[in-house]
Each structure stands twice: as C-alpha cells, then as structure tokens.
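Coordinate analysis (summary)
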Amino acid sequence: MTLFTPFAKEAEEIKLDAALVAESNIESWALQFKLGTAGYRDLLDPENLFNFEVPFNGLSAALIMEARARLADENGIKSLHVGGEVRPHTQEFIDLASRIYSAHGISVHLRPKGMRTTPIWLSSFGVFFNELDGGENFTASHSQNYKGGWKPMEAAGGQLLEMAGMIADRVRDLIVEAKETGITIKLAAAGNDLVHHDFDPVDDYVDVLKKVVPETLLREIPAATTNGFKAGFCTEGGSMAPTARRIFDSLNISMDDGGTVFFTHEEESNTFHGIGILDGVNHGVDPGKWQVYKHVGAQELLKDNKCSVFFIWDPDGDRFNMVTTAPIALAETAKAAGLEVDPLDDERCCVFFKPNQIYFMLTALKIQSLEEAGELGNYNWIVASTYPTSMSIGEVATTFNKRSDAALATYRVPVGFKYFASLVGGLEKQIAEGVPETNATDVTGINTVFGGKPRLLMMAEESGGAAMGPAEPVSSRTGKRSSLAPKEKDAMQIGLMSLCLGARLHSQDGSFAAYYLQLLEEFETRYRFYERRDVTLFDESLKGAAREDAKAAGNKRKEDTVAFFGSLEGKTPAEVTDILIGLLPEETDLPEIKRVFHAGDGTFIEFENQWFELRASGTDAVLRYYMEGRYQDKVAQLNEAFEGMTLPN
C-alpha cells in the first residue's frame, strides 16, 4: 500500500480510519510509542517505506509528524528545521515532515539544495542560532541501518522534555479519533512557499568553535603537519564529511594529499559501507564498539605510516573514538592501566581508547589551556557527566582543586544529553534573572552551588557523546537568545580537540598512551578500570509476530531485572549487603556499600572506591551493567557476578 507519493508536487491526504488502523496494526505500535533518551528509534524496512510489519514506516511517521504539528499549532510554534543523516528513507521522511508541517502553516527550514545531510549538532546549533521555534533530525545515530530514528528539539536546540510525553499522548489520541470518526493528515505540495532551503549555519558555528577550542591548541596543527603529522577521519558513510570539510577549510586545516587530514568511507552510504557487520552479525556503527574500531582499516593505515592517528565519527556526528599507536615498550604498561593494546609492528603497538578515556584526557587538556589563557579563575567552570560515565573525569577537576586555588565544580545527570541541556538551560535562566549564586539540584536531591559565572568545561557521556562551552555566552543571530553551551552532543568539537592534542603530542614525540598514563599518576586517579556489559534482550531485526514474541520475552527479563535492582533503592547499605550476599556466589568479594540510589533511569550502588549501575538502554533492546573501580580484577569479577546473578522470584 502506498499512502502518499514522496516529493509529490501536488497536495495529498492520508485518510486514517478504523479499517486502516486494523490493517496496519498501528494501534499496537501507538500503545508502545514513546520518546526515549535520544528521541525515537525503531525498526524500519530499508526496501519498503510502507511495510506495516515494522514499527517505523510511512504511516507511523506521518502520525508522529501530525501529532507534532497539532501541538505546534496549540503552542504557538511557527518555524521548524528538519534535517537528517543517511539511513534508508531519510530524504522521504524529511519530505513528509516538511509537507505536513507546512500544511499546518509552519515555516520549514531545510539545508540548501544539494546539501542532503545535517549532523545532529549542526541541527541543534542552527535551531538556536537562527532563532527558530524548534527542529528535528531524522537519525538513529550509531544503530544498525535497519533502524530509523527521529530526534525532535526545542527552541534552544535541546531534545524535548515535557513535550516528548505530549507527542506520544497525542499520537494515541489520534488513533482513538481515527477509529471513531477517521482523521485526515494533510500533506502540502513538496517545495511549497513555506519550505525554505536556507538552513546553513556552518560559518556561524565555526565562529563559536574557535571560542571553544583554544587558539594555542589550533596553532599546534600546522607546526606538527610540517613534521609529518597526518590524521585520518572515518565518517562511516554518514553526514560528517561534507560539513567537516567546510569547517577544516575555514580553520585553514589542509586536507587530502599532503594535508593534515584525510577521510575514509566518505561517500554517503545507507549501509555504512558494511561497517560493523562481522561474521554476518550487524553490530551497528558505534565507534566505541570493537566490531567497529578494529574493522575500519585503521591498523593498516597506521602500520603503513599513512596517518599518525585515526579518528572515527558515527553517521550523525555525535559519537567519536580513535585508534592510535605507542612505542612497543609501552605496551604492557598501557595494558596494565586499562588501555586496549594490540601488536602493530616491530617498533609500535596499536592502542585503542574508550570514550571515557578520551574525555579524561580532554578535560585535563582544557583545564591546562584555560589556565594558560588566564581564563580558569575568571569563571565558575563545571565538569559534568552522566552517572554511568567514568568518575575519573570528575577526579581531574577535584584533584586540580586540591593543588591550586581553583574551584572547579562537578555535577552528574541521568543518561541522555537532554539532561545536560536542562542543566545548562536552568543556569541560563538563573543568569537572566540575576541570581547571584547559580545552582542546580541533582536527581538524588543534592544541591550544588556554582557561582555567578557558570561555564561548562565538559559535558560527557560514556557512550561516546560530549560537548564543551566557551568562556563567554554565545548570542543568536539577532541577539534574542544567549547560550552557555551546546544543547546536543558535538563530536566536531571533540574531534578538533583530539586533533589538536594529537598534533601537540606528535611535536613532542609523545603518544596518547603516554599522555594518558602521565595523567593517571598526575591526578592520582582512583577510578581507572571501567567495564560495561551489554545484555541483548531480543533480536531487533525480527519482523511481525516473531518480533512481538521475542520483544515480550525480552521486556519481561528487562522489567524483572530493573525491578529487582530498583527494590534495593532506599534500603540501608547493611540491608542491601545482606540481600546481595544471599544471591551472589560465595566467593564474591563485595566491597563495603556506601549508598544505593536511583540515578534517574537506573539503580546506582556506590561502594568504597568502586561503583555499579544497572539500567535499561533508552535506545536499544539492551540491559547495561556498568562498573568502575581502582582494581581491574575486582571490577570484572563483581560485574560478572551481578550479570550472572539469579534473581529472586
């Protein structure tokens, strides 16, 4: 069934009545529909936009857009940006959204003609800078190409909070209305007068980027290039290459033959050039997964001296990772410190970093750069992270404070960058109201006072997303808005900072591994060993009844596990200790428990110099077991024991 014709030059209508509701099984989908930590993601059919056996199809998308448009009408939203990356049907979804919104009288802002993709951070920045009422990006980020996604944003560029639930509720209301009286979803003609191809804030973004990445660091790049420094960037066939090229060119960073950087997997690909598919299993394109970072050709390029370091961006540009080398004499020391090390050649080893470890280094680098620029003491800098992100990042700030007169603050939020956006938005509101000492209260009820000039030094998620704010707030195009920091993950920032650090280390004949080891000792880091175990709940590539059966079984396991750990919240450390000892193997070494609490979307257990969190992923059918501590064997053994624990009935 074809419900509408993508890119049609005449107006169309989708009529949804009781018969189509029954035929499409859209009601069952709507009952489960919600916006999670990264918007909405679900299975699509790469070959058929109108396949009702998958959750994300032309009809479900139209319902979401219609719900969004009706709420926009009711809330005075007059202008929206629509962008997307490269996965199947992205251009069709962008067309559908723009036609539904413009049919409601909403002004729609797309990329200039010929520019197909929009990195998620550019969507976010442009919505804020161009003073639009909101926007969205069709992306499933790092997920497999058979999953589609939709990430809506509010006017500041952050993900929706309150309105997210309102959209889900309105979708269900539309189903009820369709069954009772029928509804009509109007699609204006493609390219009508309310659709503008004018969303191109790249030059303005570069101006802000220069305020985030210190000039002293940018100057490292040409000097290192003269001495042979070269970096590869894998873009996984996604949205980053066209925009990154423009940004590097604006920063006078040379590209391609004889230049500082070059790109791999640059051509747009809705299969991501097969990256992440190993032994017939599609693991997605998360740069933090070994199935990705070990299989994108980095080792060969490093071995052949084609590059000094190899960076990886995911398709929508919000996740980042890297592959590096170190002298072979460092191999065992690096491995003992928790870095992943493989052989490379007679003189060098290959060193793989996790996002936590990258942000640990960049936090230290940014503090040093701010100190050198004389900007560290002029502002109330904040190092923020999610609860399951490595505590080593915050340790950099707290240890630095002990050794200086600095007053760097740390703050933690639940998983989902929208909680960072909420933190920043709250600080911006307090500044506008003239609050002399800004503050924020976390999900456990602890209030942190930041001071009169709060600034975001680092906002980091262990899953691979992060962003940093400048020393002075950024004004929007006409000055109507002000922003302390990005409201979305920005791997362009992180990639450029890492490029600068790589250049500096190259000029010093150093390595990322040696720098990381140096920082561990310099900041007396306790939280050195981090482990995340992902337990897949069901095969998300299944369709129809088989998918529903597998999903039901997976959801039961998820609900039972989440409920058990949730039942520990509020109990005393002694009570929790007794419960766990009764369930764990006898040989389990359970450290002293200090506190058990709900971390927004998971149960957090704080031990002596160690911590654990259990949470269900908000984007994938996965249970996640996080643990970090001072000793590798204790972290691994206890996390394995928790994962294998038989829960009480």
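Our subject in this report is the structure included herewith. (Residues numbered from 1 in each chain as written. Predicted model: local features only at pLDDT ≥ 70, side-chain atom pairs only at ≥ 80, totals over all residues. Heavy atoms only, no water.)

Here Thr117 lies in the loop between β4 (107-109) and α5 (120-129). Once you skip the residues sitting within four places of it in the chain, Thr117 turns out to touch Gly84, Glu85, Val86, Arg111, Ser239, Pro242 and Glu268. (Helix = DSSP H or I, 4+ residues; strand = E, 2+ residues; numbered from the N terminus. Contact = heavy atoms within 4.5 Å.)

A few words now on the sheet that holds strand β28 (residues 610-616). Taking strand neighbours across the sheet as the criterion, the 5 strands line up as β25-β29-β28-β27-β26 in an open arrangement whose pairing is antiparallel. Unpaired on one side and paired on the other, β25 (529-536) and β26 (593-598) mark the two borders of the sheet. Pairwise comparison of adjacent strand axes, ignoring direction, gives a mean angle of 10 degrees for this sheet. Inspection of the sheet shows strand β27 (residues 602-607) paired to β28 by 6 bridges, in the antiparallel sense. Pairing of Thr603 across the sheet is with Leu614, part of β28. Most of the contacts of helix α20 (residues 573-581) go to β26, to which it runs at about 90 degrees, and overall it touches β26 and β27. (Pairing = 2+ DSSP bridges. Axes fitted to C-alpha atoms, helices over the stretch in contact; angles between N-to-C directions.)

A few words now on the environment of Asn305. Tracing the chain through its elements places Asn305 in the loop between α12 (298-303) and β13 (309-313). Spatially, the C-alpha atom of Asn305 lies 48 Å from that of His598, the residues being 293 residues apart in sequence.

A word on the nonpolar core. Grouped together as the largest cluster of nonpolar side chains are 88 residues, with contacts concentrated most on Phe248, Trp313, Met361, Leu496 and Leu499. When residues of this core are assigned to their parent elements, the largest contribution, 10 residues, is made by helix α17 (residues 491-507). In terms of nonpolar packing, the next biggest core, distinct from the first, is built from 54 residues, Ile64, Trp150, Ile175 and Val195 among them. (Core = buried A, V, L, I, M, F, W, Y, C linked by side-chain atoms within 4.5 Å. Buried < 20%, exposed > 50% of the residue type's maximum accessible area, 1.4 Å probe, protein only.)

As a further point, take the sheet that holds strand β16 (residues 348-352). In spatial order, the strands read β10-β9-β13-β14-β16-β15; together these 6 strands make up an open sheet with mixed pairing. In this open sheet, the two strands that pair with only one neighbour each are β10 (261-264) and β15 (340-343). When strand polarity is set aside, the average angle formed by the axes of neighbouring strands in this sheet is 25 degrees. In this fold helix α10 (residues 240-250) packs onto β9 (231-234), β10 and β13, with an angle of close to 175 degrees to the strand it touches most, β10. On the sheet, α17 packs against β9, β10, β13 and β14 (320-327) and is oriented at approximately 175 degrees with respect to β13.

This paragraph deals with the pattern of salt bridges. Enumeration according to the criterion identifies 47 salt bridges in this entry. The salt bridge involving Arg348 is made with Asp345; its shortest N-O contact spans 2.8 Å. Note on Arg348: relative accessible area 17%, which makes it buried. Owing to a relative accessible area of 24%, Asp345 belongs among the partly exposed residues under this scheme. Measuring nitrogen to oxygen at the nearest pair gives 3.2 Å for the salt bridge that ties Arg624 to Asp534. Taken together, the positions of Arg624 in strand β29 (residues 622-629) and Asp534 in strand β25 put the pair 90 residues apart, joining distant regions of the chain. Under the relative-accessibility criterion, Arg624 is labelled buried at 10%. The exposure class of Asp534 is partly exposed, given its relative accessible area of 34%. Here the salt bridges do not stand alone but share partners, grouping Lys151, Asp318, Glu461, Glu488 and Lys489 into one network. (Salt bridge = Lys/Arg side-chain N within 4 Å of Asp/Glu carboxyl O.)

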